[in-house]
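Residue strings, one per chain:
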Amino acid sequence: MFKPRFRTALATRPHTAPLKDGTIKPGTFEFDFEEVPVIINAFRRMVTSLDFDICELAMTTYLCARAHGRPFTAIPVFPMRAFHHGAIVYNTKAGIRTPKDLEGRRVGVNRGYTVTTGLWARSILQHEHGVDLRKVTWVLSGDEHVAEYRPPPNVTAIEPGRTLEELLASGEIAAAIGIKVDSPDVKPLIPDAVEAGYDALRRRGLYPINHTIVVKNELLETSPDLAGDIFTAFADARRLYVERLKTGQLDDADPVYLRVMQLTGDPLPYGVEANQQNLEAIVQYCVEQEILPRPFALEELFPANTLGLNSR
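Below or above, wherever it landed, is the structure these notes cover. Residues take numbers from 1 onward in each chain, read along the sequence in its written order. Local features in this predicted model are restricted to residues whose pLDDT is 70 or higher, and side-chain atom pairs enter the listing and the counts only when it is 80 or higher, whereas totals over whole chains, interfaces and linings include all residues. Hydrogens and water molecules were not included; the side-chain quantities draw on all heavy atoms of the structure.

**Looking at the sheet that holds strand 5 (residues 88-91)**
Okay, step 1: As summarised here, the arrangement of the six strands in space is 8-7-6-9-5-10, forming an open sheet in which the pairing is mixed. Of all the strands in the sheet, just strand 8 (155-157) and strand 10 (186-188) have a single pairing partner and so form its edges. When strand polarity is set aside, the average angle formed by the axes of neighbouring strands in this sheet is 30°.
Okay, step 2: Examined bridge by bridge, strand 6 (residues 106-109) and strand 9 (residues 175-177) share three bridges and lie parallel to one another. Among the inter-strand pairings, V109 is bridged to a residue of strand 9, identified as I177.
Okay, step 3: We call two residues in contact when some of their heavy atoms are within 4.5 Å. An axis is simply a line fitted to the C-alpha atoms; with a helix, the fit covers only the stretch in contact. Between two such axes, the angle follows the N-to-C directions and lies from 0 to 180 degrees. For the purposes of this entry, the term helix denotes a DSSP run of H or I that reaches at least four residues, the term strand denotes a run of E that reaches at least two, and both are numbered from the N terminus. Packed on one face of the sheet, helix 4 (residues 116-129) meets strand 5, strand 6, strand 7 (137-140) and strand 9 and runs near 130° to strand 9. We treat two strands as partners when DSSP finds at least two bridges between them.

**Focus on the environment of I88**
Okay, step 1: Locating I88 in the fold gives a position in strand 5.
Okay, step 2: Along the primary structure I88 and I190 are separated by 102 residues, whereas in three dimensions their C-alpha atoms are 7.3 Å apart.
Okay, step 3: Residues contacting I88, with those up to four places away along its chain left out, are A121, L125, A176, I177, K187, P188, L189 and I190.

**Quick look at the environment of R66**
Okay, step 1: For R66, the position within the fold is in helix 3 (residues 59-67).
Okay, step 2: Relative accessible area decides the class of each residue, using a 1.4 Å probe on protein chains only: under 20% of the type maximum gives buried, over 50% gives exposed, and in between gives partly exposed. On the accessibility criterion, R66 (22% relative accessible area) is partly exposed.
Okay, step 3: In this structure, the C-alpha to C-alpha distance between R66 and L292, residues 226 residues apart in sequence, is 9.5 Å.

**So, the sheet that holds strand 4 (residues 72-81)**
Okay, step 1: With respect to topology, five strands assemble into an open sheet ordered 2-1-3-11-4, the strand pairing being mixed. Looking at which strands have only one partner, the edges of the open sheet turn out to be strand 2 (30-33) and strand 4. Here the average twist between neighbouring strands, direction ignored, is 35°.
Okay, step 2: Alignment of strand 1 (residues 5-9) against strand 3 (residues 54-58), held across two bridges, turns out to be parallel. Residue pairing across strands places A9 opposite C55, the latter belonging to strand 3.
Okay, step 3: This element, helix 4, spans strand 3 and strand 11 (209-216) of the sheet and lies at about 140° to strand 11.

**Observations regarding the packing of aromatic side chains**
Two aromatic rings are characterised by how far apart their centres lie and by the angle between their planes.
Okay, step 1: In this scheme Phe, Tyr and Trp rings, the latter by its six-membered ring, pair at centre separations within 6.5 Å, and the angle between planes marks the pair as stacked below 30 degrees, edge-to-face above 60, and tilted otherwise. Following the criterion strictly, the structure yields 10 aromatic pairs and no others.
Okay, step 2: Arranged with centres 6.3 Å apart and planes meeting at 85°, the rings of F78 and F302 form a pair that is edge-to-face. Here F78 is found in strand 4, whereas its partner F302 is found in the segment after helix 11 (298-301), with 224 residues between them in sequence.
Okay, step 3: Assessed through its relative accessible area of 0%, F78 is described here as buried.
Okay, step 4: Aromatic rings pair up to connect F6, F29, F31, F33 and F234 into one cluster.
Okay, step 5: Counted as over-ring charges are cases with an Arg CZ or a Lys NZ within 6 Å of the ring centre that also lie within 35 degrees of the ring normal. The aromatic ring of F33 is capped on one face by K20, whose charged end is 5.5 Å from the ring centroid.
Okay, step 6: R122 extends its terminal NZ or CZ atom over the ring of Y113, reaching a point 3.9 Å from the ring centre.

**Looking at the side chain of T73**
Okay, step 1: Inspection of the secondary structure assignment puts T73 in strand 4.
Okay, step 2: You can call T73 buried: its relative accessible area is 10%.
Okay, step 3: At a separation of 2.6 Å, a polar atom in the side chain of T73 contacts the side chain of N217.
Okay, step 4: Contact partners of T73, with chain neighbours within four places excluded, come to Y62, R66, I213, V214, V215, N217, L220, L301, F302 and P303. Here a polar contact means two N or O atoms within 3.5 Å. Within protein one must be a hydrogen donor candidate and the other an acceptor candidate, and residues neighboring in sequence count only if both atoms are side-chain atoms.

**A short note on the packing of helix 3 against helix 10 (residues 276-288)**
Okay, step 1: Here helix 3 crosses helix 10 at 60°, and the two axes come no closer than 11 Å. Relative to helix 10, the element helix 3 is oriented oblique. Every pair of crossing elements has a handedness; the one defined by helix 3 and helix 10 is right-handed. Mapping the contact onto sequence places M59, T60 and L63 in helix 3 and L279, I282, V283 and C286 in helix 10.
Okay, step 2: Nonpolar residues are Ala, Val, Leu, Ile, Met, Phe, Trp, Tyr, Cys and Pro. Charged residues are Asp, Glu, Lys and Arg, and all others, Gly as well, are polar. The residue inventory of the contact of helix 3 with helix 10, partitioned by class, reads six nonpolar, one polar and no charged. An angle below 35 degrees is read as roughly parallel, one above 145 as roughly antiparallel, one from 65 to 115 as roughly perpendicular, and any other as oblique. By convention the crossing between two helices is left-handed if the near helix lies anticlockwise of the far one by an angle smaller than a right angle, and right-handed if it lies clockwise.

**Observations regarding the pairing of strand 3**
Okay, step 1: Here strand 3 lies mainly inside the structure; five of its five residues are buried.
Okay, step 2: Here strand 3 shows a buried face lined by I54, E56 and A58 and a second buried face lined by C55 and L57.
Okay, step 3: Both strand 3 and strand 11 contribute to a ladder of five bridges, which runs antiparallel. Counted as the bridge partner of I54 is V215 from strand 11.

**Quick notes on the packing of helix 8 (residues 226-246) against helix 9 (residues 255-264)**
Okay, step 1: Where helix 8 meets helix 9, the axes come as close as 11 Å, and the angle between the chain directions of the two elements is 80°. Classed by the angle they form, the pair helix 8 and helix 9 counts as roughly perpendicular. Together, Y241, L245 and K246 of helix 8 and Y257, L258 and M261 of helix 9 make up the contact between the two elements.
Okay, step 2: When grouped by side-chain class, the residues that make up the contact of helix 8 with helix 9 number five nonpolar, no polar and one charged.

See below:
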């Protein structure tokens, strides 16, 4: 039976490798993988020119792209997650004693304002430490994937020829999100950041989603079963990895997944229901931070026939 081949961009991870090496095969189509060594480059290509039929995409990029009419829709598969308390670093000589002291100061953000790490990190500052994000000047080192997006007025571009790393090391900005600086004066802003992330999971149920999978609308419209088939393929690949994780068969098991599995029982939940709290949170934070003009209902973000699917 003929199966269409769909051009796909996907980072190789232990829970996606079975798709890429052919161990898991979809039922109604075949993946035609294009290797994109830096997966962020695939994000831009998808948003600007729809280069792929199926593409991994940063979650906030997806939300921003949907708000600006891009013709693709996400499947409730989330191949990358991370805790972001450790993404915020500061200059210890800048007079910052608590996160609240960032108000009135300049804080760098790696790449664009809509970058997912920046979104989650700012939400931590706001919701866990009471920082008024409007009182911070956010300094960007790059542009946005969605070119039409316009950030709030307290967002500015870095000076030409400068880098966030040098600005932070010199104290010209007080802190930054998403960069690494080799300087004795630069430290994580939030103490015990790793444990702070797990504590947020325990107390607030937050296990931040970074990436999802999007599919061209024209394919979903012409092949109604495609969304479910994609979900099933990703869920089957994920299940192989999680089973090996649970039985201790991996010598290089991801320590974050192991810890989350201890706390929740599932280190890689797929599906809307299992991720409702985190999906609603990211939409809320996007509205609060003026990335979205209005909140999306979750039913608007995923195909109707995937809303009841889960990976368990």
